[in-house]
Every structure is written in C-alpha cells, then in structure tokens.
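Fold and geometry: a report
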Amino acid sequence: MTIKRYPGKAFGRSKSVEHNGVVYTVVTAPDVSADLKGQTQQVLEQLDANLAEAGTDKSCLLSVTIYITDMSKKPVLNAVWDAWIGADNWPQRACVEVKLEGDTLVEMVVIAAK
C-alpha cells in the first residue's frame, strides 16, 4: 500500500494526500482580508494548483464539501464556482454553514480521481 503525502505549510498537515488513484485535498484562501468572492476565487486557484501537483484536475472531481461562514452569501460563492467548474464534469457537492478560524470565510474539502 502506497500513500503519497504532499507537505502543507502547517505542522502535522498535508495539503494533499494520494492513495489508490484518489487525491484528497483541503483548501482555504491565503489572503483572508478578501471578501467571500475573493476568497472563493483564491480557494479555487489553490485547488487547481493542488490538483495539478498531484497529476489531476477539476474534470476529475468526485466530491466537494464546502464550508461557508454565512449561508446567506452562498449565491456569491455559487457564481464564482459556476464560472470555474464549467458545464461538464460536475462533482457531488455539499455546502455547510460553519464557524471557521479567524477571517476565513470559505474552506473546501475535495476528493478527486487521478
């Protein structure tokens, strides 16, 4: 059994983990001073980078769980998401309202095929 871990910036965490042709990654915005639209754009850019590093891309997304601090602003998130995801290859997706650390407004937990 082989598990490949892609080092993260925080101690004790990997930014991505790969096992048996599946990539798992978690992303937040590096600049939390941005509004929800800006943080969502950053999250999706980081997601693209993490997936590329692991040898896959958004067309291979299987499941995405989105954590958002204010569900009333979900339409803002959806507008950015819809422009990014395109018309094909939609993953299974859930969006949950939570309290996140500091000024983080959105976090995504992603599973993708490789």
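Going by the structure above, here's the rest.
Summarised in this report is the structure supplied together with it. (Residues numbered from 1 in each chain as written. Predicted model: local features only at pLDDT ≥ 70, side-chain atom pairs only at ≥ 80, totals over all residues. Heavy atoms only, no water.)

1. Let's talk about the pattern of salt bridges
Scanning the model with the defined rule gives two salt bridges in all. Between Glu53 and Lys15 there is a salt bridge whose closest N-O contact spans 3.2 Å. Of this pair, Glu53 sits in helix 1 (residues 36-53) while Lys15 sits in strand 2 (residues 14-19), placing them 38 residues apart in sequence. Here Lys114 ties to Glu18 by a salt bridge, and the two come within 3.0 Å at their closest N and O atoms. (Salt bridge = Lys/Arg side-chain N within 4 Å of Asp/Glu carboxyl O. Helix = DSSP H or I, 4+ residues; strand = E, 2+ residues; numbered from the N terminus.)

2. Section: the packing of aromatic side chains
Under the definition given, this model contains one aromatic pair. Centre to centre, the rings of Trp81 and Trp84 are 5.4 Å apart; their planes meet at 50°, and the pair counts as tilted. In this pair, Trp81 and Trp84 both sit in helix 2 (residues 74-85), three residues apart, roughly one turn of the helix. The two residues Trp81 and Trp84 agree in class, both being buried. Seen from the ring of Trp81, Arg93 lies directly overhead, with NZ or CZ sitting 5.2 Å from the centre. (Phe/Tyr/Trp six-rings, centres within 6.5 Å; stacked < 30°, edge-to-face > 60°. Buried < 20%, exposed > 50% of the residue type's maximum accessible area, 1.4 Å probe, protein only. Lys NZ or Arg CZ within 6 Å of the ring centre and 35° of its normal.)

3. Things to note about the sheet that holds strand 2
Spatially, the six strands line up as an open sheet ordered 1-2-3-6-4-5, and their pairing is mixed. Of all the strands in the sheet, just strand 1 (3-7) and strand 5 (92-97) have a single pairing partner and so form its edges. On average, each strand axis in the sheet is tilted by 10° relative to the strand beside it, whichever way the strands run. Examined bridge by bridge, strand 3 (residues 22-28) and strand 6 (residues 106-113) share seven bridges and lie antiparallel to one another. (Pairing = 2+ DSSP bridges. Axes fitted to C-alpha atoms, helices over the stretch in contact; angles between N-to-C directions.)

4. Quick word on the nonpolar core
It is characteristic of soluble globular proteins that their nonpolar side chains tend to be buried jointly. Within the largest apolar cluster, 21 residues are counted, with the highest numbers of intra-cluster contacts made by Leu61, Ile66, Trp81 and Met108. Elements that contribute at least two residues to this core include exactly helix 1, strand 4 (61-68), helix 2 and strand 6. Apart from residues no more than four positions distant in its own chain, Trp81 is found in contact with Leu44, Leu61, Val64, Ile66, Pro91, Arg93 and Met108. (Core = buried A, V, L, I, M, F, W, Y, C linked by side-chain atoms within 4.5 Å. Contact = heavy atoms within 4.5 Å.)

5. Here's the deal with the side chain of Gln39
One can find Gln39 in helix 1. For Gln39, a relative accessible area of 0% puts it in the buried group. A polar atom in the side chain of Gln39 sits 3.1 Å from the backbone oxygen of Asp103. For Gln39, the contacting residues outside a window of four places in its chain are Ala29, Asp31, Val32, Ala34, Asp103, Thr104, Leu105 and Val106. (Polar contact = N/O pair within 3.5 Å; in protein donor to acceptor, adjacent residues only side chain to side chain.)

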